[in-house]
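# Working through the structure, step by step
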Amino acid sequence: MQTILIVEDDTQTQGLYKEALTQAGFETTVAGNIAQARTMVNEKPPDLVLLDIMMPGGENGFDFLETLQKDPHFKTIPVIVLTNLDSEEKTAKEIGAKEYLIKTNVSINEIIAAVKRHLAS
Amino acid sequence: MDKLIELLNPIFADATVGEFTKDVDLSQVEPQYLELCSGIQIIIDVIREKIADLERLNSELLQESVERQAILDSIGEGVAVLNEHGIVLFLNPVGQQILGWSASEIEGKPWVTTVPLEYENGTEIDTSKRPFESFTYSQEADNLAQALYYRRKNKSRVPIQTTVSPVLSNGQNHGTIIVFRDVSKEWEIEKLKEEFLSIAAHQLRGPLATMRWTTETLLSTYASLLDPVVREKIEWVYHNNQDLIGLVNDILSITRLSKGTISEEAIPTNVRLLITKEIDDLSHQIKKKHMNIDLRTDQIISDGKFALDPNHFKQVLRNIIDNAIKYGFKDSTIQISATFDGSGITIVVSDQGMGIAPKEKTMVFHRFFRGSNVIHSGISGTGLGLYVVKQYIDLWKGSVNVESTLNKGTSVTIHLPIHPL
């Protein structure tokens, strides 16, 4: 079973992603901050990351994305950015995000479709 | 004769240095020269009168000049006066304070090269486009109305608002008057306002997304568990949530578009797919009003891809199609066509509905405008939809046109000068 790492600080949002991904046949792990996400990636690299940008604890999603891109072991893990910010798409893609989605503008089904699309490619 | 010369000599000597104070003593003049000397005395009297007139005029002019100077000096805005060659003739104290140039330093210098004008990103506006040279300020006003900065003497920048007026007389250009104002404080307030709006809108997006996905999950995954009445209520929540998401997107777009800081990420996009997606997203409202959608696209639109920012383009489509649904009649058809005609994409969305009063047609792109016939109709709306559409279309250098007949319907046409990839 493919594993999706959800990097998201809002617990309700975590729950919604988790429920939808589980129903779609994926295993999920959840990190509520970037430090936790780093630990989890090192312990068990996921097949894909759903990443929020604005995160608590000083580091943001871009810091984590840069870490993944710099490490040859994690560089190939596709990252989908899911955020409330609509002005950071260029930056996110330059750092290495495969897709940039604005939370309010996508349905939960579209998120699942994007996950499947990037895992297939 | 000698006596006459002796008599007139001091008078002429004074005249050579502009003095006309002495009179010809006619009692001393021999009779044969009386006529000549009387004539000279008359000339002296006339000259005196003329001098007195000139002195009075000069004094009036001086007074007027002092008053004008005092007015220009006390104006709370910078004022620069240029001659017909763009050379600075005058800069008032406020102008000197804003620009850091003293009057004696700047007067006599060419304005455009001495006081560079820049956009917010630091790009200097080419001197050939500086309005007082072409005297087409009103035509360029829209472009220049945004963020403009003057470069001061010490090379620092100051945001300004400026009005440039040519001095014309009988169709001849005699120079230019530039009135400008330091708008640093206004900008600071505006910036804070925008930051607040931006933060507020972003903070709203979090709960709105959660609400959207929760209601979506309830309506799909848990559909079988829902009582029809409960389902309908959840649908209300879902659609109100969609309206709020649209409003937040519009507010964020307006904030960015007005400041010229919108971030565009053009990627290869299939236009037909975007339109059908918008129709799908709005399918509930369409079904509720028993409306039909007649979508027609040509081969290039159906199969081709265009470099577009899909999020922004979707927002434009959504605002137009959403209006067609809101203001279209029940059981009517909305026609949507998208074609590529060699010069670009044309999308037409036509509804059969309430329409817009002819006198209000020119106002449809104004911020917060709502037609007088819809205000009391109970149909909710913010009056931001078409304003946002127009702002985006302008950004993409396209055009948007609205044709409408009251109680018949409205047709919105957008044209974008883009080509398939």
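Being a predicted model, the structure only gives us computed values, none of them experimental. (Residues numbered from 1 in each chain as written. Chains lettered and ligands numbered in written order. Predicted model: local features only at pLDDT ≥ 70, side-chain atom pairs only at ≥ 80, totals over all residues.)

This brings us to the overall build of chain B. Along the backbone of chain B there are 15 helices and 13 strands. Evaluated residue by residue, chain B yields a buried proportion of 24% over its 421 residues. By sequence separation, contacts in chain B at least 24 residues apart represent 58% of the contacts at least 6 residues apart. (Helix = DSSP H or I, 4+ residues; strand = E, 2+ residues; numbered from the N terminus. Buried ≥ 20, exposed ≤ 12 C-beta atoms within 10 Å, placed from the backbone. Contact = placed C-beta atoms within 7 Å.)

Turning to the overall build of chain A, a few remarks are in order. Broken down by element type, chain A carries 5 helices and 5 strands. When the helices and strands of chain A are read in sequence order from the N terminus, they spell out β-α-β-α-β-α-β-α-β-α. The buried share of chain A, reckoned over its 121 residues, is 40%. Considering only residue pairs separated by 6 or more positions, chain A has 59% of its internal contacts joining residues 24 or more positions apart.

This part is about unusual backbone geometry. Residues and elements named next belong to chain B. Positive phi values are uncommon outside glycine, yet His-290 reaches one of about 50°. Inspection of the secondary structure puts His-290 in the loop between α11 (283-288) and β8 (292-297). A positive phi is found at Asn-407, a non-glycine position, where the angle reads about 65°. The topology assignment puts Asn-407 in the loop between β12 (399-405) and β13 (409-416). We classify Asn-407 as exposed; it has 11 C-beta atoms within 10 Å.

On to the packing of helix α13 (residues 310-327) of chain B against helix α15 (residues 385-395) of chain B, then. Residues and elements named next belong to chain B. For the pair α13 and α15, the least separation of the axes is 9 Å and the interaxial angle reads 145°. Between α13 and α15 the crossing geometry is left-handed. Where α13 approaches α15, its residues His-312, Gln-315, Val-316, Asn-319, Ile-320, Asp-322 and Asn-323 are matched on the opposing element by Gly-385, Leu-386, Val-388, Val-389 and Tyr-392. Residues belonging to the contact of α13 with α15 are distributed by class as follows: 6 nonpolar, 5 polar and 1 charged. (Axes fitted to C-alpha atoms, helices over the stretch in contact; angles between N-to-C directions. Left-handed = near helix turned anticlockwise from the far one by under 90°. Nonpolar A, V, L, I, M, F, W, Y, C, P; charged D, E, K, R; others polar.)

A few words now on the pairing of strand β4 (residues 79-83) of chain A. Residues and elements named next belong to chain A. Buried residues dominate β4, accounting for 5 of its 5 residues. The alternating pattern of β4 places Val-79, Val-81 and Thr-83 and Ile-80 and Leu-82 on opposite faces, both of which are buried. In this sheet, β4 lies alongside strand β3 (residues 48-51) in parallel orientation, the contact comprising 3 bridges. Looking at β4, one finds that Val-49 is bridged to Val-79. (Pairing = 2+ DSSP bridges.)

Another aspect to go through is the interface of chain A and chain B. With 19 residues of chain A in contact, the opposing surface of chain B contributes 18 residues. At the level of secondary structure, the elements contributing two or more residues to the side of chain A that touches chain B comprise α1 (11-23) and α4 (89-95) of chain A. Counting residues per element, the side of chain A that touches chain B draws most heavily on α1 of chain A, at 6 residues. By residue class, the composition of the side of chain A that touches chain B is 5 nonpolar, 8 polar and 6 charged.

A few words now on the packing of helix α2 (residues 34-43) of chain A against helix α3 (residues 61-70) of chain A. When two helices pack together, their arrangement is given by the angle between their axes and by how far apart the axes lie. Residue and element names in this part refer to chain A. Where α2 meets α3, the closest approach of the two axes is 10 Å, and the angle between their N-to-C directions is 20°. As the angle between them shows, α2 and α3 are arranged roughly parallel. Read as a crossing pair, α2 and α3 show a hand that is right-handed. For the pair formed by α2 and α3, the contact residues are Ile-34, Ala-37 and Arg-38 on the first element and Asp-63, Phe-64 and Thr-67 on the second. Looking at the contact of α2 with α3, its residues break down into 3 nonpolar, 1 polar and 2 charged. (Parallel < 35°, antiparallel > 145°, perpendicular 65-115°, else oblique.)

With that settled, the discussion passes to the sheet that holds strand β5 (residues 99-102) of chain A. Residues and elements named next belong to chain A. The strand order across the open sheet formed by 5 strands is β2-β1-β3-β4-β5, and the pairing between neighbours is parallel. Edge strands, defined here as strands with exactly one partner in the open sheet, are β2 (27-31) and β5. The average angle at which neighbouring strand axes cross in this sheet is 20°, direction not considered. Of the strands in this sheet, β1 (3-7), β2 and β3 touch α1, which is tilted by about 165° from β2.

What follows is about the sheet that holds strand β3 (residues 117-119) of chain B. Residue and element names in this part refer to chain B. If you walk across this open sheet you meet the 6 strands as β2-β1-β6-β5-β4-β3, and the pairing is antiparallel. Looking at strand neighbours, the two that pair on one side only are β2 (88-91) and β3, the edges of this open sheet. Strand-to-strand, the axes of this sheet are offset by a mean angle of 40°, without reference to chain direction. Note that β3 and strand β4 (residues 148-151) share 3 bridges and pair antiparallel. Bridge pairing in β4 places Leu-117 opposite Tyr-150.

As a further point, take the environment of Gly-61 of chain A. Residues and elements named next belong to chain A. Along the chain, Gly-61 turns up in helix α3. Note on Gly-61: 26 C-beta atoms within 10 Å, which makes it buried. Not counting the four nearest positions on each side in its chain, Gly-61 is found in contact with Val-7, Leu-51, Asp-52, Ile-53, Met-55 and Val-81.

Residue and element names in this part refer to chain A. Inspection of α3 places Gly-61, Phe-62, Phe-64, Leu-65 and Leu-68 among the buried residues, and these make up the whole buried set. Around the axis of α3, the buried residues are gathered within 160° of arc, so they sit on the same side. Of the surrounding elements, those touching the buried residues of α3 are β1, α2, β3, β4 and α4. (Arc of directions from axis to C-beta.)

In this section: the confidence of the model for chain B. Residues and elements named next belong to chain B. Here chain B shows a mean pLDDT of 87. Residues at 70 or above account for 96%. Mean pLDDT across the secondary structure elements of chain B bottoms out at helix α7 (residues 137-144), with 40, and peaks at strand β11 (residues 345-350), with 97. Across residues 133-145, confidence stays below pLDDT 50; counting only partners more than four residues off in sequence or on other chains, it has 9 contacts. The ipTM, which scores confidence in the relative placement of chains, is 0.91 for this predicted complex, and the corresponding pTM is 0.66. (pLDDT = per-residue confidence, 0-100.)

The next point concerns helix α1 (residues 2-16) of chain B. All names here are of chain B. For α1, spanning 15 residues, the distance from its first C-alpha to its last is 20 Å, which sits close to the expected 21 Å at 1.5 Å a residue. Counted residue by residue, α1 has 0 buried out of 15 residues, so it is predominantly exposed. Gly-18, located one to two residues past α1, shows a positive phi value of around 80°. (Expected span 1.5 Å × (residues − 1).)

Now for the pairing of strand β10 (residues 333-340) of chain B. Residues and elements named next belong to chain B. Alternating positions in β10 separate cleanly, Ile-334, Ile-336, Ala-338 and Phe-340 being buried on one face and Thr-333, Gln-335, Ser-337 and Thr-339 remaining unburied on the opposite face. Two strands pair when backbone bridges link them, and β8 and β10 are joined in this way by 6 bridges, in the parallel orientation. Paired with Thr-297 across the two strands is Ala-338, which belongs to β10. As paired elements, β10 and β11 share 6 bridges and run antiparallel to each other. When the sheet's bridge partners are listed, Gln-335 is paired in β11 with Ser-350.

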